[in-house]
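These are the residues of each chain, in order.
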Amino acid sequence: MYSDLQNRSTAAARPERDLEVVVADRQVVADGVVLLDLQDPDGEVLPAWEAGAHIDLVLPNGLVRQYSLCGEPQDRQSWRVAVLRESDGRGGSKFIHDELRVGGTVRVRGPRNHFPLVPAQRYVFIAGGIGITPLIPMMTAASSGGADWQLIYGGRSLTSMAFVEQLVAEHADSVAVRPQDTFGLLNLDALLGGPGGLSDGTLVYCCGPGPLIDAVEQRCTGLPTGLLRVERFAPADASEPVLHGSFEVQIASTGEALTVSPEESVLEVLRCNGIDIDASCEEGTCGTCETRVLDGQIDHRDFVLTAAEREQNALMMVCVSRAACPRVVLDL
Ligand code: FES
């Protein structure tokens, strides 16, 4: 139907330059959610992006966090991100909420897009909580392209759900807001398996907490590959590796073969051998360390690549994915 690879904004983990941006505006837009507008300090245009893209915030405390861009791609003066304070997180969102004020600066990387909006006649968007953020520019793009779409948006309570007023004002007929304290869990059966199920060509985009994505994936198992696209905030439980022993990674540019033991990641071994690879989450969710594979079968353990991309075996996330054969060759 389409090539997933054609829709990706990056193809390999090349080290990239950080940009410094200034916080031009800061608003609390829901319980525990702050919306930041980031601009170039000298008023220069920012790099272009498309719906679904995210940027890394490289925080002074050493943490790197990914946030979806939720403004308008046409606005090249400003990037907009919404950040949920995660009380049980590792401090990234706490720093942003507590320390990053209007006029303050922060380093960023990107944008990258591992969750691109593929052209379609019809979309179903499913958001849980702060997972609404990548879907906002998607809905705008879908409307501009004349596509039919609907959004079902869940969250703990109405006050915890960002952008509700904006969404209802702009797209009242297409948006169903379903706070859990009023409606209970999202009725995915009605949405995905109701009368007639999903019509031909409908693409399903889902972003939110792991249990929501798991539930959507479960209900979409019968769909053709590529019709469901998800973006996770955190990795799902890891499964057993395909290959339990060591394997070799060969560096195409030099021919050097490096051994990866069961206790090490490919990323660790590359770094230990002086090969510079960009990485952010190091848990298979952000796509920063994506690296081209020239030969070999991969045991994909990330949450970025689609099923079609996994089958193509042309890319791997070296922070978590491993070889499913004795040797893989990387385009490094
Ligand atoms: Fe995020 Fe590898 S560093 S997927």
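Everything here concerns the structure above.
Our subject in this report is the structure included herewith. (Residues numbered from 1 in each chain as written. Predicted model: local features only at pLDDT ≥ 70, side-chain atom pairs only at ≥ 80, totals over all residues. Heavy atoms only, no water.)

## Observations concerning the environment of T182
With respect to the element layout, T182 can be found in helix 4 (residues 180–183). Given the relative accessible area of 57%, T182 is considered exposed. For T182 and L158, which are 24 residues apart along the polypeptide, the C-alpha to C-alpha distance reads 8.7 Å. Here D181 takes part through its side chain, which lies 3.2 Å from a polar atom of the side chain of T182. (Helix = DSSP H or I, 4+ residues; strand = E, 2+ residues; numbered from the N terminus. Buried < 20%, exposed > 50% of the residue type's maximum accessible area, 1.4 Å probe, protein only. Polar contact = N/O pair within 3.5 Å; in protein donor to acceptor, adjacent residues only side chain to side chain.)

## Focus on helix 2 (residues 135–144)
L135, I136, P137, M138, M139 and A142 are the residues of helix 2 that are buried. In this fold, the buried residues of helix 2 make contact with strand 7 (122–128), strand 8 (148–155), helix 3 (164–171) and strand 10 (202–208). Taken from the residues just after helix 2, G146 is the one with a positive phi, measuring 75°. (Contact = heavy atoms within 4.5 Å.)

## Topic: the nonpolar core
Counting residues in hydrophobic clusters, the biggest one holds 34 residues, and the most contacted among them are F125, L151 and Y205. Among the secondary structure elements, those contributing two or more residues to this core are strand 2 (33–39), strand 7, helix 2, strand 8, helix 3, strand 9 (175–179) and strand 10. Here this core gets five residues from one element, more than from any other, and that element is helix 2. If near-sequence neighbours (up to four positions away) are discounted, F125 is found in contact with L117, L135, M138, M139, A142, W149, Q150, L151, I152 and Y205. By size, the runner-up hydrophobic cluster in this structure holds 27 residues, among which are A279, L305, A323 and L332. (Core = buried A, V, L, I, M, F, W, Y, C linked by side-chain atoms within 4.5 Å.)

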